[in-house]
Amino acid sequence: MTTPPLRALSNYGQVIAALLLFAAAALTEPAFLTRFNLTGIAFQYSVIGLIALGQLPVILTACIDLSQGSAIAIAAVVLALTAPVLGLAGASVLAILAGGAVGAVNGLLVSFTRIPAFVVTLGTMSVGRGLALTLSSGQPIPVRDPAFMNLVRLRFFDVPGTFLVFLFGAGLLALLLAQWPVGRAVYAVGGHEENARLTGLNVPKVKILVYVLSGLTAGLAGVLLTSRLGTGHPLSGTGYELISISAVIIGGASLFGGIGRVSGVVAGVLLLGILDSMINLSGTSPYLQGTIKGVVVLAALAFSQWNLSRAAAR
Amino acid sequence: MSQADVEPQAVRAAERNEKTSIRNLTVEQVSNLRLLALFVAVAAIGALLSHGVLLRPENLSNILQQNAVLFVVVLAQFLIVVSGGFDLSVGAVTALASVIFVGCIDYGLAVSIPAALLAGLAVGVVNGVLVTFVRLPSFVVTLGTMQIGYSVAKMWTGGGTIQTGFRGATLPQPLLRFYSVDWLHVPLPVWLAIGILALTALYLRSSIGHFLFAVGGNARAARLAGIPVSRVRLTAYAVASLIASVGGLLFALRVGYGDPQAGTWLALDSIAAVSIGGVSLTGGEGSILSGFLGVLIIAMLDNIMNLLGVSVNAQPIVKGVIVIATVYIYSRRRS
């Protein structure tokens with residue numbers, strides 16, 4: 001038996017690490033706690049955070065979603081193309097739904113064929129990027145509406161709105177995973193798919209739902225990025241799927257499914273954001289980032305592995 | 001541990017395996033035939049659509065030459081997929097090797113080539129140790145080393161490409177003609193790829209390499225049969241990254257510089273090629289030639305689309321559909 005404080009340390013290790021890193025950054029970098037710096041991190045990592053929240057349930061079912069970056073691009077392009085016709089509100093809804101459609105295709109293919117999730121989403125990643133490029137003829141499409149561009153710059157009590165959206169999304173997801181029957185089923189499917197099926201759970205339904213959710217979060221991320229840049233860019237979101245997977249892994253989720261919590265993912269996203277900002281402010285080579293992030297991912301993974309093997313030994 | 005240390009029972013088990021594998025071989029031959037049929041079909045349809053341009057010798061030679069790097073890298077990916085994992089770091093190793101190869105060129109080729117290969121080997125050993133001894137999933141381990149590899153390459157060059165070594169030397173002129181010389185009507189880089197293919201095939205027949213299929217198929221059973229699973233896996237990761245760094249040398253010879261952004265798509269393209277080649281992504285199955293054929297099919301598709309004037313923007317759509325469709329067909333066959 002471990003003592004309660006120790007257990008909290010292993011359950012919320014990522015949260016504690018994020019808080020410690022935040023304190024370290026605030027103490028060592030005078031520019032860290034400025035409004036300008038915090039706003040910058042808050043926006044960029046809210047977008048990444050949203051898709052990480054979408055990635056978590058997928059990974060909890062022992063699947064993976066590599067198509068998030070392409071779904072972001074599709075949403076961005078759909079938004080920019082349809083805005084003149086549908087108006088910005090309608091176009092934004094359509095863009096989010098377009099992201100959800102990518103997720104639905106993933107979910108259907110993963111549930112009803114024997115193609116591994118990795119290959120399905122690798123394929124839709126390629127198809128999605130191709131669609132975004134074709135729809136836009138490879139060119140960024142401007143969305144020059146001041147009201148729309150101000151959307152991401154909204155603040156509530158000086159906190160960037162996008163960050164509040166991310167936190168609200170995290171709270172909602174935590175509630176759904178803990179209380180909603182389908183949320184519990186996500187853990188069951190990831191823990192042991194065959195057992196979940198035998199207890200009467202509708203496994204295809206769960207998988208389709210998690211993929212649609214992942215696509216919807218990517219769609220929302222695409223809308224936010226478009227609002228920030230003022231253009232729908234067919235190359236936006238390139239490589240974001242790997243950052244969101246990293247955040248989920250740093251957050252302590254297992255790629256084999258069934259293990260992972262929302263608080264860990266939020267901490268994982270914040271850890272990446274604070275690290276990013278610290279490297280930028282410290283004035284070292286910006287290219288050092290990749291090394292540090294890579295080492296953090298591997299260290300976090302080794303930590304959760306050690307945690308799991310300890311839990312198994314108990 | 002040497003061959004002699006393996007217990008007699010295990011040897012007998014291995015022999016039994018060898019006998020039953022005759023039956024597997026026929027299954028494998030059938031799947032190779034299907035792959036060959038797919039290959040012939042793509043070639044025939046492509047030849048028809050392009051009015052024969054696809055199969056003109058100079059066009060074929062172009063296809064091979066343009067994809068020499070992928071031909072080499074797919075061999076690396078093949079080893080890891082057979083061992084039951086994925087290697088996302090192959091592209092980063094290619095980039096890093098190309099940068100180090102050019103960056104050390106003023107010490108002469110006798111230094112810069114080994115330096116580039118050693119860097120690749122180092123990444124492979126890190127991958128192997130983390131996967132084998134710390135038991136982390138290969139997908140995330142190689143995701144981490146991929147980021148590290150790209151970042152080290154970028155720090156070396158300051159972000160851009162690198163044309164010269166520390167003291168301003170460039171790649172020697174004769175080497176830059178490597179890509180434009182043919183031998184027996186086949187470009188030299190393709191011969192190099194074939195050479196690496198032969199070496200990889202030899203590795204798969206070596207005392208440690210030939211256990212790779214058993215380890216990838218069922219690691220637990222392999223361990224119980226006395227196979228040194230950890231050593232087999234670790235070696236596979238080291239060899240794979242070594243092969244990928246040869247891809248980096250080829251890349252530098254093709255363009256004449258080192259590029260920290262080289263091979264961004266290599267990881268996914270090589271996984272796509274391996275899956276089109278019918279190599280089981282759950283490990284333990286597949287033939288090395290099928291990976292090669294997989295690249296050839298992808299390369300021909302690219303070429304056909306270019307010949308037909310399909311927009312560059314639409315090409316990823318076709319590629320993605322082909323990957324999903326072929327893996328779907330293979331998965332139905334297995335069930």
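These numbers come from a predicted model, not from an experiment.

Chemist: Please provide a residue-by-residue account of the interface of chain B and chain A, values included.
Modeler: Listed as interface residues are 39 residues of chain B and, on the opposing side, 41 residues of chain A. Summing both partners gives a buried area of about 3,200 Å² for chain B against chain A, and 83% of it is carried by carbon and sulfur. Of all residues in chain B, the largest losses of buried area upon contact with chain A belong to Phe139, Asn313 and Ile324 of chain B, amounting jointly to 18% of the total for that side. Counting across the chain B and chain A interface gives zero salt bridges. Counting residues per element, the ones that place at least two in the side of chain B that touches chain A are α6 (138-157), α12 (266-276) and α14 (315-334) of chain B.

Chemist: Give a detailed account of the pattern of salt bridges, specifying residues and quantitative values.
Modeler: Summed over all chains, the structure comprises four salt bridges over all chains. Between Glu193 of chain A and Lys207 of chain A there is a salt bridge, with its nearest N and O atoms 3.0 Å apart. Residue Glu193 of chain A is found in helix α9 (residues 193-198), and its partner Lys207 of chain A is found in helix α10 (residues 203-229); the two are separated by 14 residues along the sequence. Overall, Glu193 of chain A belongs to the partly exposed group, its relative accessible area being 36%. The salt bridge partner of Asp269 of chain B is Lys319 of chain B, with a shortest N-O separation of 3.6 Å. With Asp269 of chain B in helix α12 and Lys319 of chain B in helix α14, this residue pair connects regions lying 50 residues apart in the sequence.

Chemist: Could you give an account of the packing of aromatic side chains, with specific residues and numbers?
Modeler: Remark: the centre distance and the inter-plane angle together describe each pair of aromatic rings, the angle taken between the planes. Scanning all chains against the criterion turns up nine aromatic pairs over all chains. Measuring from centroid to centroid gives 6.1 Å for Phe163 of chain A and Phe166 of chain A, while their planes differ by 55 degrees, and the two rings are tilted. Placement of the pair is Phe163 of chain A and Phe166 of chain A together in helix α7 (residues 161-179), with a separation of three residues, close to one helical turn. For Phe166 of chain A, a relative accessible area of 0% gives the class buried. A network of ring pairs unites the aromatic residues Phe118 of chain A together with Phe86 and Phe139 of chain B as a single cluster.

Rules behind the numbers
Residues numbered from 1 in each chain as written. Chains lettered and ligands numbered in written order. Predicted model: local features only at pLDDT ≥ 70, side-chain atom pairs only at ≥ 80, totals over all residues. Heavy atoms only, no water. Contact = heavy atoms within 4.5 Å. Buried area = accessible area lost by both parts, 1.4 Å probe. Salt bridge = Lys/Arg side-chain N within 4 Å of Asp/Glu carboxyl O. Helix = DSSP H or I, 4+ residues; strand = E, 2+ residues; numbered from the N terminus. Buried < 20%, exposed > 50% of the residue type's maximum accessible area, 1.4 Å probe, protein only. Phe/Tyr/Trp six-rings, centres within 6.5 Å; stacked < 30°, edge-to-face > 60°.

Interpretation in functional terms is not warranted from these geometric data alone.
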